Number of protein chains: 2
Amino acid sequence: MTITITAFERSPDGGRGLARDMRVRWALEEVGQPYDVRFLSFKAMKEPAHLALHPFGQIPTYEEGDLALFESGAIVFHIAERHAGLLPADANARARAITWMFAALDTVEPPIFERTLSKILERDEPWYEQRLRVLESSIRKRLDGLSSRLGDADWLDGAFSAGDLLMVTVLRRLHGSGILEEYPNLSAYVARGEGRPAYRRAFDAQLAAFTAASTG
Amino acid sequence: MTITITAFERSPDGGRGLARDMRVRWALEEVGQPYDVRFLSFKAMKEPAHLALHPFGQIPTYEEGDLALFESGAIVFHIAERHAGLLPADANARARAITWMFAALDTVEPPIFERTLSKILERDEPWYEQRLRVLESSIRKRLDGLSSRLGDADWLDGAFSAGDLLMVTVLRRLHGSGILEEYPNLSAYVARGEGRPAYRRAFDAQLAAFTAASTG
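Residues numbered from 1 in each chain as written. Chains lettered and ligands numbered in written order. Predicted model: local features only at pLDDT ≥ 70, side-chain atom pairs only at ≥ 80, totals over all residues. Heavy atoms only, no water.

**A word on unusual backbone geometry**
Residues and elements named next belong to chain A.
So, step 1. A cis amide bond, omega 0 degrees, links Ile-59 with the succeeding residue Pro-60.
So, step 2. Topologically, Pro-60 is positioned in the loop between helix 3 (48-51) and strand 3 (61-64).
So, step 3. We note that Glu-71 has phi near 75 degrees; this positive angle belongs to a residue other than glycine.
So, step 4. Mapped onto the elements of the fold, Glu-71 is located in the loop between strand 4 (67-70) and helix 4 (72-82).
So, step 5. A relative accessible area of 6% places Glu-71 in the buried class. (Helix = DSSP H or I, 4+ residues; strand = E, 2+ residues; numbered from the N terminus. Buried < 20%, exposed > 50% of the residue type's maximum accessible area, 1.4 Å probe, protein only.)

Written out as structure tokens, the structure reads:
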């Protein structure tokens, strides 16, 4: 059965792998599953046809036969559960890898994503500078804990897993902030993720899509 | 094997079921698993013994034999996967229930939790009212989508699932804000969750723990 995902017709990040379809593309590349992409304008994302797939009118979605899913975390988990390569076979190791998936999205991502939003939407607000400092302090608290736990290991718990995949996509959003560089082991961890062949294929595919949309 | 979770010795919410151990207690009650609770002071949460269990120094954690997990979402998922009652047996329905787990924590919770934080930490700021309006607008966008999708159904996708359990705990944080009441079907949905016997048992247990700590 063909897998079809949705992505931005013109990603706000300029195709630099920050849109959340990147996680799904990367997971599909890791497990060797081909996929089609349906590109959506911002207008189409809020229309009934897409809202039937995604109640919050966002991307990505995932369709395969009569199954339709949304939420990048849930889609990556679905791929990891159906195909070998993203979750360990041992039951306890698998539960720990899933814990890192939730930790990436629920504990580490929120202040990092809030910082991005704030930089885009709140730059002219009276609270901007103060809020940025608060957010960066929250981010550092999370990175302190993450850096201590990672230590000098390659990945968060044994072999590369869907937990690492999500964590790397979350941390990548700090590129250019100077914050990630304060944690050499986390910088190396992100570079290790970005160096995986499956990551490169996914990144190149979404950059090519953006470039085609912008020049077409 | 005994299940042991951790919780606040003195929950900042006064034992009203907003601390994240509530989700885990509720899930354990739904599947009929007994559990022990280890209570932690704010100081103990940041000490090495707890950081070994939870790299970000938070609650809840989950210990069972040689398995140790953190992140309320991951713990609820682990319970749902091991015991009947929180995830449907049909593969596609199961994947959709898991999607609602991620949707609750990654899409609906962030602006709701930000509002709580803002009300605690930013109340004296000159821009507080303005920021609150921005956050409440984000919350309403999420609730619009959720309310449309739920319609007049009892639960988000067929029978009650771990997705509903997490979504109800996320929405409960809006009690007293007036926002939930703008969406009668969501108010009824939250009341339906709070009316489940397993919810009541979990709520009563954590309220009793708070009361004992405060009067002991």
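**Re the environment of Ala68(A)**
So, step 1. Within the secondary structure, Ala68(A) is located in strand 4.
So, step 2. With relative accessibility at 31%, the residue Ala68(A) sits in the partly exposed group.
So, step 3. Residues Ala68(A) and Arg82(A), spaced 14 residues apart in sequence, show a C-alpha to C-alpha distance of 15 Å.
So, step 4. Look past the residues within four positions of Ala68(A) in its chain and what remains in contact with it is Leu53(A), Tyr62(A), Glu63(A) and Arg96(B). (Contact = heavy atoms within 4.5 Å.)

**Some details on the UniProt feature "domain: GST C-terminal" (unreviewed entry) in chain A**
So, step 1. In the UniProt entry, the feature "domain: GST C-terminal" (unreviewed entry) is given for residues 90-213 of chain A.
So, step 2. Helix makes up 75% of residues 90-213 of chain A and strand 0%. Its end C-alpha atoms lie 43 Å apart. (UniProt positions renumbered as here; feature names shortened; annotations may be inferred.)

**Side note on the packing of helix 1 (residues 21-30) of chain A against helix 4 of chain A**
All names here are of chain A.
So, step 1. The contact between helix 1 and helix 4 brings their axes to 9 Å, and the two run at 5 degrees. In terms of axis orientation, helix 1 runs roughly parallel to helix 4. Touching Arg-23, Val-24, Ala-27 and Leu-28 of helix 1 are Ser-72, Ile-75, Val-76 and Ile-79, all from helix 4.
So, step 2. When the residues that make up the contact of helix 1 with helix 4 are grouped by side-chain class, the tally is 6 nonpolar, 1 polar and 1 charged. (Axes fitted to C-alpha atoms, helices over the stretch in contact; angles between N-to-C directions. Parallel < 35°, antiparallel > 145°, perpendicular 65-115°, else oblique. Nonpolar A, V, L, I, M, F, W, Y, C, P; charged D, E, K, R; others polar.)

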